[in-house]
Amino acid sequence: MRLQVRQNLLYSFLFYRADMTTSSQSAEQPTANQTSGMWGGRFTEATDAFVAEFTASVQFDQRFYKQDIAGSIAHATMLAKVGVLTDAERDDIIQGLSEIKAEIEAGRFEWRIDLEDVHMNIESRLTQRIGITGKKLHTGRSRNDQVATDIRLYLRDEIDDILSILQRLQKGLLGLAASHTHTIMPGFTHLQTAQPVTFGHHLLAWFEMFVRDTERLQDCRKRVNRMPLGSAALAGTTYPIDRAYTAQLLGFEAVSENSLDAVSDRDFAIEFNAAAALIMMHLSRMSEELILWTSAQFKFVNIPDRFCTGSSIMPQKKNPDVPELIRGKSGRVFGDLISLLTLMKGQPLAYNKDNQEDKEPLFDAIDTVRGSLMAFADMVPALVPNIEIMREAALRGFSTATDLADYLVKKGVAFRDAHEIVGKAVALGVQEDKDLSELSLEQLQQFSDLIGADVFDNALTLEASVNARDHIGGTSPKQVEAAIARAHDRLAQLYA
Ligand code: ARG
């Protein structure tokens, strides 16, 4: 179905561009204004054809036809409950709208640019199908509260979809981490070897980012899930509407408190986009690591061929396209956020046409974050770490230097002095091209006679180093195992 809508969008976009090129002629010869039935009563000339196209949104807002129809059905149901419509009128409207939905889904609906947006396209078709009763649907509402309601319903569905993909990705990370609680790799700061860490611990760092992303989306969803319908154009309506009832029908948690605010603010979309931007930022960081790790210089990880592409000239190439593309796509979502913030900042109350521009950045952010998460959710469980190469790398770069300093501190040396001593030992290692664990006991003892034979087992091996970081949040295999167990519980709670 999504594909269908995309295709429609594509066709209407092509159609739109084609027509725009004829704008100069059409400015001289305005065509008949098809929308006059909707709002043209006071107009004495037809809308300029170019202006009609330029101001239309149906090319992109047809995407939420389902939510528009659901909103209209709930509105009609409420109008009948309070006696503004008869039960028969309500039933005709519901029947007509259901048939229109089927038409759209079968690709048989003719979207008309001259009918401006998804709302008027559907309403006009309803009247065509059921006659005068169709014209009663808009009683007590405006496109201003209608569109605000539709976007919220649409975004709510999309958030739920995105959350389910996030959950799949998080489970994938936990699965991979569980297989690598004992796999040791170098941990980096400044992209220089810092201290050994377990690969499982590194994956759990990614997992934590997505926990916060989940919380942000869930929190944002609460504010998305408030119903503007009933605010009408800006001030409310004179009909005895039952907003709580409509909200209940549509699954909204609450109704908006102020009509002026409800029809105009798009902060909920901005909030979502901010959360989406953070998700993309996290995915981009992960991407950057995967790109480094799959390079011939690191060789830490292998991404299966199905996620990569080759080069048309260099036969040896296998490029990490998916992470690269996602790193690139993060920029789009950041841009969408800036677009929405800028869109909103200059608007006086209440609704302004500017708000029609909220949709494309929002849709772009939704599509990009959804697609990027999907790619990662598929790819993460398929990653194959190169355990030996990671271990080799951890043995280079004096990753256990801090452990030697801690060893001396435990023997009574002040940390700053221990730091100095180990620095000298490292200098010798650099000179001899040897890791600290490869220096002899005698060589080490020339820097401190407190260094004993136990230093190799207790400080200088990779296992000793990671095992020693044995507290909540630390990298020891034991702690990582415990963290994974807790993470499963947290996931269950998060997505309960
Ligand atoms: N297509 C419009 C939008 O997306 C619907 C609301 C139009 N309201 C109006 N007063 N012109 O914002």
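Above this note sits the structure.
Remember, predicted model here, so these are calculated numbers, not experimental data. (Residues numbered from 1 in each chain as written. Predicted model: local features only at pLDDT ≥ 70, side-chain atom pairs only at ≥ 80, totals over all residues. Heavy atoms only, no water.)

Asker: When you look at the overall build of the protein chain in this model, what are you seeing that I'm missing?
Answerer: If you tally the helices and strands in the protein chain, you get 22 helices and six strands. In terms of C-alpha radius of gyration, the protein chain reaches 31 Å, well past the compact-globule figure of 23 Å for 496 residues. Overall, the protein chain is about 100 × 55 × 40 Å in size when its C-alpha atoms are taken along their principal axes. Per-residue burial for the protein chain yields a buried fraction of 50% across its 496 residues. Considering only intrachain contacts with a sequence separation of at least 6, the fraction spanning at least 24 residues in the protein chain is 75%. Roughly 23200 Å² of accessible area belongs to the protein chain as shown, and the carbon and sulfur atoms make up 53% of that amount. (Helix = DSSP H or I, 4+ residues; strand = E, 2+ residues; numbered from the N terminus. Rg over C-alpha atoms; globule rule 2.2 N^0.38 Å. Buried < 20%, exposed > 50% of the residue type's maximum accessible area, 1.4 Å probe, protein only. Contact = heavy atoms within 4.5 Å. Areas by Shrake-Rupley, 256 points an atom, 1.4 Å probe, with all protein chains shown as cover.)

Asker: Honestly, helix H8 (residues 118-130) in this entry has me stumped. Any pointers?
Answerer: One turn of an α-helix holds 3.6 residues; hence residues three or four places apart share an orientation. Compared with the 18 Å implied by 1.5 Å per residue over 13 residues, the 18 Å span of H8 between its first and last C-alpha is a close match. Listed in full, the buried residues belonging to H8 are Val118, His119, Met120, Asn121, Ile122, Glu123, Ser124, Leu126 and Thr127. Phi for glycine 131, located one or two positions after H8, is positive at around 80 degrees. (Expected span 1.5 Å × (residues − 1).)

Asker: Can you walk me through the pairing of strand S2 (residues 192-198) in this structure?
Answerer: In the case of a regular strand, side chains alternate between the two sheet surfaces. Here strand S1 (residues 184-189) pairs with S2 via six bridges, running antiparallel. Counted as the bridge partner of methionine 185 is valine 197 from S2. Hairpin connection of S1 to S2: two residues between the antiparallel strands, including histidine 190 at a positive phi of 55 degrees. (Pairing = 2+ DSSP bridges.)

Asker: Honestly, the packing of helix H6 (residues 65-81) against H8 in this entry has me stumped. Any pointers?
Answerer: The relative placement of two packed helices is expressed as an angle between their axes plus a distance between the axes. The geometry of H6 relative to H8 is characterised by a closest axis approach of 10 Å and an angle of 60 degrees between their N-to-C directions. Relative to H8, the element H6 lies oblique. Classified by chirality, the crossing of H8 by H6 is right-handed. Mapping the contact onto sequence places Tyr65, Asp68 and Ile69 in H6 and Val118, His119 and Ile122 in H8. The class makeup of the residues in the contact of H6 with H8 is four nonpolar, one polar and one charged. (Axes fitted to C-alpha atoms, helices over the stretch in contact; angles between N-to-C directions. Parallel < 35°, antiparallel > 145°, perpendicular 65-115°, else oblique. Left-handed = near helix turned anticlockwise from the far one by under 90°. Nonpolar A, V, L, I, M, F, W, Y, C, P; charged D, E, K, R; others polar.)

Asker: Even after reading the chapter, I still don't get helix H17 (residues 401-410), so can you show me in this structure?
Answerer: Residues of H17 that are buried include every one of Ala401, Asp403, Leu404, Ala405, Tyr407 and Leu408, and no others. Where H17 ends, the next residue or the one after it, glycine 412, has phi of about 105 degrees, a positive value.

Asker: Before we go on, may I ask you to explain unusual backbone geometry in this structure?
Answerer: Most peptide bonds take the trans form, and the phi angle of most residues other than glycine is negative. Residue alanine 350 is reached from leucine 349 by a cis peptide bond, and omega for that bond is 0 degrees. Among the structural elements, alanine 350 can be located in the loop between helix H14 (321-345) and helix H15 (359-379). The backbone phi angle of phenylalanine 398 is positive, close to 55 degrees, even though this residue is not glycine. Note on placement: phenylalanine 398 falls in the loop between helix H16 (387-395) and H17. For phenylalanine 398, a relative accessible area of 18% translates into the label buried.

Asker: How should the site of the ligand be read in this particular structure?
Answerer: Neighbouring residues of the ligand: Ser57, Asp61, Asp117, His119, Arg143, Asn144, Val147, Tyr351, Gln356 and Lys359. Note that a nitrogen atom of the ligand is positioned 3.1 Å from one of the side-chain N or O atoms of serine 57. Between asparagine 144 and the ligand, the recorded distance is 2.9 Å, taken from a side-chain N or O atom to a nitrogen atom. Alone, the ligand offers 340 Å² of accessible surface; in the complex the protein occludes 86% of this. At three residues, helix H9 (residues 143-179) tops the list of elements feeding residues into the shell around the ligand. Looking at the shell around the ligand residue by residue, the classes come out as two nonpolar, four polar and four charged. (Near = heavy atom within 4 Å. Polar contact = N/O pair within 3.5 Å; in protein donor to acceptor, adjacent residues only side chain to side chain.)

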